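In case you want the letters, here they are:
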Amino acid sequence: MTRVIAITGKGGTGKTAVAALLIRYLSKKGKFLLAVDADADTNLPETLGCEDVKTVGEVKEYLQAEITKPKPDNPDMNKESILKSKVYEIIEEMPGYDLLVMGRPEGSGCYCYVNNLLRGIMDKLITNYDVVIIDAEAGLEHFSRKIIRDIDDLIVVTDASRRGFRTAERIRELVEELDSNIGRIHVIANKVTDANREELIKLAEDLKLNMIGMIPLDPKIEEMDIKGIPLFKIPDDSIAAVEIESIVKKLGF
Ligand SMILES: Nc1ncnc2c1ncn2[C@@H]1O[C@H](COP(=O)(O)OP(=O)(O)OP(=O)(O)O)[C@@H](O)[C@H]1O
Ligand SMILES: [Mg+2]
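Residues numbered from 1 in each chain as written. Chains lettered and ligands numbered in written order. Predicted model: local features only at pLDDT ≥ 70, side-chain atom pairs only at ≥ 80, totals over all residues. Heavy atoms only, no water.

1. Some remarks on the site of ligand 1
Defined as follows: Proximity criterion: a residue is near a molecule or strand once any of its heavy atoms comes within 4 Å of it. Counting of polar contacts relies on pairs of N or O atoms within 3.5 Å, with two restrictions inside protein: one atom must be capable of donating a hydrogen and the other of accepting it, and residues adjacent in sequence are counted only when both atoms are side-chain atoms. The method behind every accessible area is Shrake-Rupley, applied with a 1.4 Å probe, and residues are considered shielded solely by the protein chains displayed. Helix and strand definitions here come from DSSP, where helices need a minimum of 4 consecutive H or I residues and strands a minimum of 2 consecutive E residues; each element is numbered from the N-terminal end. In the scheme used here, Gly and all other residues not listed as nonpolar or charged are polar, with Ala, Val, Leu, Ile, Met, Phe, Trp, Tyr, Cys and Pro taken as nonpolar and Asp, Glu, Lys and Arg as charged.
Around ligand 1, a shell composed of 17 residues is seen, among which Gly12, Lys15, Thr16, Ala17 and Asp218 lie nearest. Here an oxygen atom of ligand 1 and a side-chain polar atom of Thr16 are 2.8 Å apart. Between ligand 1 and the protein, one listed contact pairs a nitrogen atom with a side-chain N or O atom of Asn190 at 2.9 Å. Protein chains bury 79% of the 640 Å² of accessible surface belonging to ligand 1 in isolation. Where the shell around ligand 1 is concerned, the elements lending two or more residues are α1 (15-28), β7 (182-192), β8 (211-216) and α9 (219-227). Residues belonging to the shell around ligand 1 are distributed by class as follows: five nonpolar, six polar and six charged.

This is the structure we're talking about:
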């Protein structure tokens, strides 16, 4: 069975960093993994050290253009198989995992048809993997939900701010209210320091948030960020990488 994990939260809290750390850890543990960048503002490939990736958005634009061509130029093409082969073509095979980048949302016009085809293709594609990690957008991952139906674990990342925790609370309430296809919801506090740790634990309790980890503010991440070194290359003994190990265990791996 494939385990689908999506990561969301307020902007700038560290969603992409958490996604990259999870991808790094789980792929090292030998999980067959698909990493999905579902943020329109694509950042995950760079964080993983992967450049010049093609996006599903480009493939969709291509197919949309084909579909809307006048009939004589558009004989019986099998649209699903074209889309499928194009999506499989752009999957980037990285050492230890595969990467699929969604890219920018579609242009104007009705993409329902293409999106429906894509959903079917994604449903089949993800069954090939042990784990799918989705770096979603801030908020309630609208774009990714259009494409991937069922999410086993939604991880909401917050930084050490009340606003980040309030966003996490709103997302939890929304997930509970909607008849959503989300199995479980967890919160990770990121950029935690000794000075704010206790306060954050209390805040999570007050807001009834299921906090599965607290990733410290890691000078190594800051240093790598400034130097432009992909976070994927973080050393095993860095404080953030160590905490990820404990989070993965709490997720039941
Ligand atoms: N634990 C940490 N320690 C130090 N710096 C961190 C940590 N986590 C993330 N950062 C830094 O914080 C910044 C924002 O992180 P990131 O890009 O992962 O956030 P995001 O939530 O994905 O942002 P966006 O909403 O723009 O997608 C980056 O510069 C990243 O290197
Ligand atoms: Mg991001």
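There is more to say after this.
2. Things to note about the sheet that holds strand β6 (residues 151-158)
Under the convention used in this document: Pairing between two strands is assigned when DSSP locates at least 2 bridges connecting them. Simply put, an axis is a line fit to the C-alpha atoms, just over the touching stretch for a helix, and the angle between two N-to-C directions goes from 0 to 180 degrees.
Taken together, eight strands build an open sheet; the order of strands is β3-β4-β2-β5-β1-β6-β7-β8 and the sheet is mixed. Here the strands that pair on one side only, and so sit at the sheet edges, are β3 (92-94) and β8. Averaged over all pairs of adjacent strands, the angle between strand axes in this sheet comes to 25°, irrespective of strand direction. Where strand β2 (residues 33-37) lies against strand β5 (residues 131-135), five bridges are found, and the strand directions are parallel. Its bridge partner lying in β5, Ala35 is registered against Ile133.

3. With respect to the pattern of salt bridges
Using the following cut-off: Criterion for a salt bridge: a side-chain nitrogen of Lys or Arg within 4 Å of a carboxyl oxygen of Asp or Glu. When accessible area is computed with a 1.4 Å probe and restricted to protein chains, residues below 20% of their type maximum are described as buried, those above 50% as exposed, and intermediate ones as partly exposed.
For the structure shown, the criterion picks out 11 salt bridges. With its nearest N and O atoms 3.7 Å apart, the salt bridge here joins Lys124 to Glu80. Residue Lys124 is found in helix α5 (residues 112-126), and its partner Glu80 is found in helix α4 (residues 79-90); the two are separated by 44 residues along the sequence. Overall, Glu80 belongs to the partly exposed group, its relative accessible area being 32%. When salt bridges that share partners are traced, they join Arg3, Asp153 and Arg184 into one network.

4. Details of the packing of aromatic side chains
The test is simple: We call Phe, Tyr and Trp rings a pair once their centres come within 6.5 Å, taking the six-membered ring for Trp, and we label the pair stacked below 30 degrees between planes, edge-to-face above 60, and tilted otherwise. As a reminder, the over-ring test applies to NZ of lysine and CZ of arginine, requiring each to be within 6 Å of the ring centre and within 35 degrees of the ring normal.
Inspection of every chain in the model, using the stated rule, returns two aromatic pairs. Arg3 extends its terminal NZ or CZ atom over the ring of Phe253, reaching a point 4.7 Å from the ring centre. Its guanidinium or amino end placed over the ring of Tyr62, Lys86 lies 4.7 Å from that ring's centre, counting from NZ or CZ.

5. What to know about the environment of Gly107
Inspection of the secondary structure puts Gly107 in the loop between β4 (97-101) and α5. Residue classification places Gly107 among the partly exposed residues on the basis of a relative accessible area of 37%. Residues Gly107 and Gly57 lie 50 residues apart in sequence; the distance between their C-alpha atoms is 9.3 Å.

6. A short note on helix α8 (residues 197-206)
This is how it is decided: Along the arc lie the directions from the helix axis toward the C-beta atoms. Two residues qualify as a contact provided that any one of their heavy atoms is within 4.5 Å of a heavy atom in the partner residue.
All of the buried residues in α8 are Leu200, Leu203 and Ala204. Within α8, the buried residues cover an arc of 100° as seen down the axis, which keeps them to one side. Turned more than 90 degrees off the buried face of α8, the exposed positions are Glu198, Glu199 and Glu205. On the buried face of α8, the contacting elements are α7 (162-177), β7 and β8. Two residues or fewer after α8 comes Lys208, characterised by a positive phi angle close to 55°.

7. Some points on the packing of α1 against helix α10 (residues 239-250)
Put simply, the test is: For this classification, under 35 degrees means roughly parallel, over 145 means roughly antiparallel, 65 to 115 means roughly perpendicular, and everything else is oblique. Working rule for handedness: look at the near helix, and if it is turned counterclockwise from the far one by less than a right angle, call the crossing left-handed; if clockwise, right-handed.
The N-to-C vectors of α1 and α10 enclose an angle of 70°; their axes lie 10 Å apart at closest approach. Taken as axis vectors, α1 and α10 run roughly perpendicular relative to one another. Relative to α10, the crossing made by α1 is right-handed. Counted together, Leu21, Leu22, Arg24, Tyr25 and Leu26 of α1 and Ala240, Ala241, Ile244, Glu245 and Val248 of α10 form the full contact between these two elements. For the contact of α1 with α10, the residue count by class is eight nonpolar, no polar and two charged.

8. Some thoughts on the pairing of β5
Extensive coverage of β5 is indicated by the burial of five of its five residues. Because side chains alternate across β5, one face comprises the buried residues Val131, Ile133 and Asp135, and the other comprises Val132 and Ile134, equally buried. Sheet topology note: the strand β1 (residues 3-9)/β5 ladder contains five bridges and is parallel. Residue pairing across strands places Arg3 opposite Val131, the latter belonging to β5.

What is shown is where atoms sit, not what they do.
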